Protein chains: 2
Amino acid sequence: MTNRQELKDSQKESLGESLQQVIAILEKHRLIENLVHKQNMPKHDLVELLVHKQNLNELQKKLDLLHPADVAYILEALPLEERLKVWELVKAERDGEILLEVSDSVRQTLIADMDSEELLAAAEQLDTDELADLAPDLPKDVLQDLMDSLDSQNRERLQSALSYQDDAVGALMDFDIVTIRENITLEVALRYLRRLGSLPDHTDKLFVVDRHDILLGVLPLKRMVVNDLDVSVADVMAEDAVVFYPEDIADDAAKAFERYDLVTAPVVDANKKLIGRITIDAVMDFIRDEADSDKLSMAGLREEEDFFASVWKSVQNRWAWLAINLITALIASRVIGLFEGSIEKIVALAALMPIVAGIGGNSGNQTTTMIVRGLALGQISTHNMKSLVTKELGVALLNGLIWGGVLALIAFSLYNNYQLGLVMMAAMTLNLLLAAIMGVMIPLVMNKFGRDPAVGSSVLITAVTDSGGFFIFLAIATIFLI
Amino acid sequence: MTNRQELKDSQKESLGESLQQVIAILEKHRLIENLVHKQNMPKHDLVELLVHKQNLNELQKKLDLLHPADVAYILEALPLEERLKVWELVKAERDGEILLEVSDSVRQTLIADMDSEELLAAAEQLDTDELADLAPDLPKDVLQDLMDSLDSQNRERLQSALSYQDDAVGALMDFDIVTIRENITLEVALRYLRRLGSLPDHTDKLFVVDRHDILLGVLPLKRMVVNDLDVSVADVMAEDAVVFYPEDIADDAAKAFERYDLVTAPVVDANKKLIGRITIDAVMDFIRDEADSDKLSMAGLREEEDFFASVWKSVQNRWAWLAINLITALIASRVIGLFEGSIEKIVALAALMPIVAGIGGNSGNQTTTMIVRGLALGQISTHNMKSLVTKELGVALLNGLIWGGVLALIAFSLYNNYQLGLVMMAAMTLNLLLAAIMGVMIPLVMNKFGRDPAVGSSVLITAVTDSGGFFIFLAIATIFLI
């Protein structure tokens, strides 16, 4: 036992090591190539070629042992040239599975390197639901050939799977369903399963249907094994299973999986006809992807970026955000421009103004993050809005007095001007109050207009607290100090 | 069927509605109280009291029908006073489950409202692994009473569960394990299960142990139902199951669950003795919590904040971040202070300098987000560092020339000074290059020193690009324009 167990343990923990080993072999390989190249050796130098070949064999063996997800991980971590070298070594019949596992941007680099035949061969290894994930990245002619090669049931499934939005349950659905009838006994059901010989991944329940494939209930395997063999399926099946429709929003389905601790759930059409199922692994992938894309878009990256994408591709992925920020920065700059006369007279204002703007931005972002979270959880309504705004204003006021007071002291000690200190404190407090109000309002308004408040709120609040902070500070200073 | 199905469907989708209904009842309730109060009615006015009581009864019935997770959700969405009113209406025997579901900060408000006896009664409803989640929030004397009330096995389990770090597998583990021996046939095993009558939630496999509880393998229910009854457990069990140790890092376990599509997995001690299991719902909760706390800490919130926390509590939750930002803003301010002479001569510098600093910060954050992501996935190593830095520098250079060029034109058109435009362009390009280098280096260095790069990188990069941007722009301007 100890040995067997350790084998799996090492497999579990050695992903980083696998990557290191692949890199080491590639390094060796590169060294040899460099040698051959630099010293202008005859290319067919037998010894070199032998070592080279041995290297690649070693690498190929290594890759064959790895889980498709692990090969995908290694491909993502390699710069383009080496990535394609490794990709060539992967056995053709594994191409499909691995293409499913890599990120979108890396998948594109791999597909660009394959010809139509290779792509078709890779696609033919996949189930219909997996094909649906791959299809959008395939060249049109390959996709057409693929459609032609499918039987009518699978073609229909693929077409319908392709018709769902990425964020719909239909896009997460697979077709690995095992169905039974309600009027048989558990003994007959078990005999049927034994004849099947194996069950699809994640099968924790069978779907009970009538002869028109209308879903009548679900029979968890757990119930099959604890109940007497002579009871009928109808007696032990759960009739109140959570079901989904392909048009349901995937995020709601994910929440239902968490709330009701599901492993699989049936997907039915409007007539309650069973058409597929969702499994927890699809749901987990979905949750992970959502969290990732939230993080990326908060930093202004349009999509997951291949680490080794070309400079030009990366610039495209990032430009929109920089353009927006350029505009907001220009507005803030013009606000300062209004007070150039004041700054000329008291140049200390130029040095102090970014502090007021900056702290306002941070504080506003804290408020916005809270509100975005509350909106995502559906816990913010008109009913509790008033308490929320009151609280945020209280926090802003307290922070304004505390940090504004600290700043007043610092400004006084630097410029020996107590009036300047008082202006700092007043401006700070007012900008924090502005940040609190806008920090609540911006995500609420965005939400009201059907936009995702997680994506743009942070830019907007920073824009307001920057321009607002400069204006408040410079205006107060102009009134009281000039 | 249609009727039954729709019942569950409506349950699935009515969470928002449930919240609205509870709020509506509370509103009615408050109106009545206000009436009684304002008009100075005799408090015992019978009619009013009756309506009031009816209201609360209606609310209580509503709550009894809801899933504990749904009650938790409603409690979190209510301001403190109403939250406690609803909490009192929840049946005592459900208190424990609901306390487990609410967020940490809300749990504290609920526990503060309960006396020792109520807490002890709530805790006694829970399993040992659930108790371990609740224990840190219980008053010491209640925890002691609770320990005393447990039998020795459960006390030991609770103590060991409490000894694990929050981010260790031990903290996610539960003890709902069903074990069998390897030398029996499937028929005997199934008979045993039928005698048990039910299996714990999420049971997708049984754990095969010897008589010393040493784990020998796992027997998926799927295999039990497709294999012949006369084969032995040893013949069909999987010996190469993924196992975890209680000290394993929970995040690694979560990744293994995703990678190997697990639903449950055994947890063993150093001698391979089975001590518990992890289930996918614990893993999903963990992933969700991690993603949440990442988002919060990126915005400088120490922990999940109760929407209706007191102003003072919120200030405490947020002050550390504001203090750090105050310090970095002060440094930037002192950098500007160095060039007050230049600003006095060309006041346009004051208006233009925040643009250079701001765009640098945005661009640096894009780079940092990429690198933090790569580090989290373990895909960044010394091997690919060079390609990464080269690429980021290329992106920075291109962006600098493009956006710097745009800015140069704007500066020229505003101030009719082409030299100022050229200074803008040069400063922008240099600050973007600085942002690229630091955007790569900061998370790498933080990671090297064992700190989570997701948490502080964004503050640091912004600090560098602010101070750096001001310095670069003002220094170049001073050299070439003054």
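Residues numbered from 1 in each chain as written. Chains lettered and ligands numbered in written order. Predicted model: local features only at pLDDT ≥ 70, side-chain atom pairs only at ≥ 80, totals over all residues.

**Observations regarding the overall build of chain A**
Moving on, step 1. Looking only at helices and strands, chain A features 23 helices and five strands.
Moving on, step 2. Over its C-alpha atoms chain A spans a radius of gyration of 31 Å, topping by over 25% the 23 Å that the globule rule assigns to 482 residues.
Moving on, step 3. Principal-axis analysis of the C-alpha atoms places the extent of chain A at approximately 90 × 75 × 50 Å.
Moving on, step 4. Of all 482 residues assigned to chain A, the portion counted as buried reaches 43%.
Moving on, step 5. Excluding contacts between residues fewer than 6 apart, the proportion of contacts in chain A whose partners are at least 24 apart in sequence is 70%. (Helix = DSSP H or I, 4+ residues; strand = E, 2+ residues; numbered from the N terminus. Rg over C-alpha atoms; globule rule 2.2 N^0.38 Å. Buried ≥ 20, exposed ≤ 12 C-beta atoms within 10 Å, placed from the backbone. Contact = placed C-beta atoms within 7 Å.)

**Concerning the packing of helix H18 (residues 311-338) of chain A against helix H20 (residues 348-376) of chain B**
Moving on, step 1. Following both chains from N to C, one finds H18(A) and H20(B) inclined at 160°, their axes separated by 8 Å at the closest point. Classed by the angle they form, the pair H18(A) and H20(B) counts as roughly antiparallel. Like other packed secondary-structure pairs, H18(A) and H20(B) cross with a definite hand, here right-handed. Seen from H18(A), the contacting residues are Arg318(A), Trp321(A), Leu322(A), Asn325(A), Leu326(A), Ala329(A), Leu330(A), Ala332(A), Ser333(A), Ile336(A) and Gly337(A); seen from H20(B), they are Ala350(B), Ala351(B), Leu352(B), Pro354(B), Ile355(B), Gly358(B), Ile359(B), Asn362(B), Ser363(B) and Gln366(B). (Axes fitted to C-alpha atoms, helices over the stretch in contact; angles between N-to-C directions. Parallel < 35°, antiparallel > 145°, perpendicular 65-115°, else oblique. Left-handed = near helix turned anticlockwise from the far one by under 90°.)

**Re the interface of chain B and chain A**
Moving on, step 1. Each partner contributes to the interface: chain B provides 104 residues, whereas chain A provides 104 residues.
Moving on, step 2. Tallied by class, residues from the side of chain B that touches chain A come to 53 nonpolar, 29 polar and 22 charged. (Nonpolar A, V, L, I, M, F, W, Y, C, P; charged D, E, K, R; others polar.)

**Considering the relation of the copies chain B and chain A**
Moving on, step 1. At an RMSD of 0.1 Å, chain B and chain A line up after a rotation of 180° and a shift of 0.0 Å along the axis. What the superposition gives is, in effect, a two-fold axis relating one chain to the other.
Moving on, step 2. With an isologous cut-off of 70% or more, the 99% of interface residues of chain B that recur at the interface of chain A puts this contact in the isologous class. (Least-squares fit on C-alpha atoms with pLDDT ≥ 70 in both.)

**Some words on the sheet that holds strand E2 (residues 205-209) of chain A**
All names here are of chain A.
Moving on, step 1. Read from one edge to the other, the open sheet built from three strands follows the order E1-E2-E3, with strand pairing classed as mixed. In this open sheet, the two strands that pair with only one neighbour each are strand E1 (179-180) and strand E3 (215-220).
Moving on, step 2. Summarising the sheet, E2 and E3 pair through five bridges and their orientation is antiparallel. Looking across to E3, one finds that Val208 is bridged to Gly217. (Pairing = 2+ DSSP bridges.)

**Quick look at helix H7 (residues 104-112) of chain B**
Moving on, step 1. If you check which residues of H7(B) are buried, you get Val106(B), Arg107(B), Thr109(B) and Leu110(B). Taken down its axis, H7(B) places every buried residue within 160° of arc, on the same side. (Arc of directions from axis to C-beta.)

**Considerations on the domain arrangement of chain A**
Moving on, step 1. You can read the domains of chain A as domain 1 (14-167), domain 2 (179-280) and domain 3 (311-481).
Moving on, step 2. Distance between the C-alpha centres of domain 1 of chain A and domain 3 of chain A: 48 Å. (Domains from an automatic or database assignment.)

**A closer look at the sheet that holds strand E1 (residues 179-180) of chain B**
Residue and element names in this part refer to chain B.
Moving on, step 1. The mixed open sheet is built from three strands, whose spatial order is E1-E2-E3. A single partner strand is all that each edge strand has here, and the edge strands are E1 and strand E3 (215-220).
Moving on, step 2. With two bridges joining them, E1 and strand E2 (residues 205-209) adopt parallel strand pairing. Opposite Thr179, over in E2, you have Phe207 as the bridge partner.

**Section: the nonpolar core**
Moving on, step 1. Val208(A), Ile278(A), Val283(A), Val208(B), Ile278(B) and Val283(B) are the most contacted members of the largest nonpolar core, which has 148 residues in total.
Moving on, step 2. If near-sequence neighbours (up to four positions away) are discounted, Val208(A) is found in contact with Ile180(A), Glu182(A), Leu216(A), Gly217(A), Val218(A), Leu219(A), Val233(A) and Met237(A).
Moving on, step 3. Listed in part, the 126 residues of the second largest apolar core include Ala332(A), Ala435(B), Met438(B) and Ala477(B). (Core = buried A, V, L, I, M, F, W, Y, C linked by C-beta atoms within 7 Å.)

**Brief notes about the packing of helix H21 (residues 382-415) of chain B against helix H22 (residues 418-448) of chain B**
Residues and elements named next belong to chain B.
Moving on, step 1. Taken N-terminus to C-terminus, the directions of H21 and H22 make an angle of 155°; their axes are 7 Å apart at the nearest point. In terms of axis orientation, H21 runs roughly antiparallel to H22. Between H21 and H22 lies a crossing of right-handed hand.
Moving on, step 2. Taken together, the residues of the contact of H21 with H22 break down into 25 nonpolar, seven polar and one charged.

**Considerations on the pairing of E3(A)**
Moving on, step 1. Counting buried positions along E3(A) yields six of six residues, so the element is predominantly enclosed.
Moving on, step 2. Between E2(A) and E3(A), which follow one another and run antiparallel, lie five residues, and Asp213(A) among them has a positive phi close to 65°.

**Thoughts on the pairing of strand E5 (residues 274-279) of chain A**
Residues and elements named next belong to chain A.
Moving on, step 1. Burial within E5 is extensive, with five of its six residues counted as buried.
Moving on, step 2. As judged from the five bridges shared by strand E4 (residues 264-268) and E5, these two strands associate in the antiparallel manner. From the neighbouring strand, Val268 faces E5, where its bridge partner is Leu274.
Moving on, step 3. Remark: five residues form the turn of the hairpin made by E4 and E5, two consecutive strands paired antiparallel; Lys272 in that turn has positive phi of roughly 70°.

**Topic: the environment of Leu143(B)**
All names here are of chain B.
Moving on, step 1. Along the chain, Leu143 falls in helix H10 (residues 140-149).
Moving on, step 2. With 24 residues separating them along the chain, Leu143 and Leu119 place their C-alpha atoms 9.3 Å apart.
Moving on, step 3. Setting aside residues up to four positions removed in sequence, Leu143 forms contacts with Ala135 and Leu138.

**A word on the environment of Val268(B)**
Residues and elements named next belong to chain B.
Moving on, step 1. For Val268, the position within the fold is in strand E4 (residues 264-268).
Moving on, step 2. On a C-alpha basis, the gap between Val268 and Leu474 in space is 62 Å, while along the polypeptide they are 206 residues apart.
Moving on, step 3. If we ignore the near neighbours within four places in the chain, the residues touching Val268 are Leu215, Val243, Tyr245, Lys273, Leu274 and Ile275.

**Examining the confidence of the model for chain A**
Residue and element names in this part refer to chain A.
Moving on, step 1. Confidence in the prediction of chain A, expressed as mean pLDDT, is 85, and 92% of residues score 70 or more.
Moving on, step 2. Within the model, pLDDT remains below 50 along residues 1-13, and this stretch shows 15 contacts once partners closer than five positions in the same chain are excluded.
Moving on, step 3. Prediction confidence for the complex, expressed as pTM and ipTM, is 0.78 and 0.78 respectively. (pLDDT = per-residue confidence, 0-100.)

**Regarding helix H16 (residues 250-259) of chain B**
Residues and elements named next belong to chain B.
Moving on, step 1. For H16, the full list of buried residues reads Ala250, Ala253, Ala254, Ala256 and Phe257. Taken end-on, H16 shows its buried residues confined to a sector of 160°, consistent with a single buried face.
Moving on, step 2. Remark: Asp261 follows H16 within two positions and exhibits a positive phi of approximately 50°.

**Quick look at unusual backbone geometry**
Moving on, step 1. With phi around 65°, Asp213(A) is a residue other than glycine that occupies positive phi space.
Moving on, step 2. Classification of Asp213(A) by C-beta neighbours within 10 Å gives partly exposed; the count is 16.
Moving on, step 3. Unusually for a residue other than glycine, Asp261(B) sits at a positive phi of about 50°.

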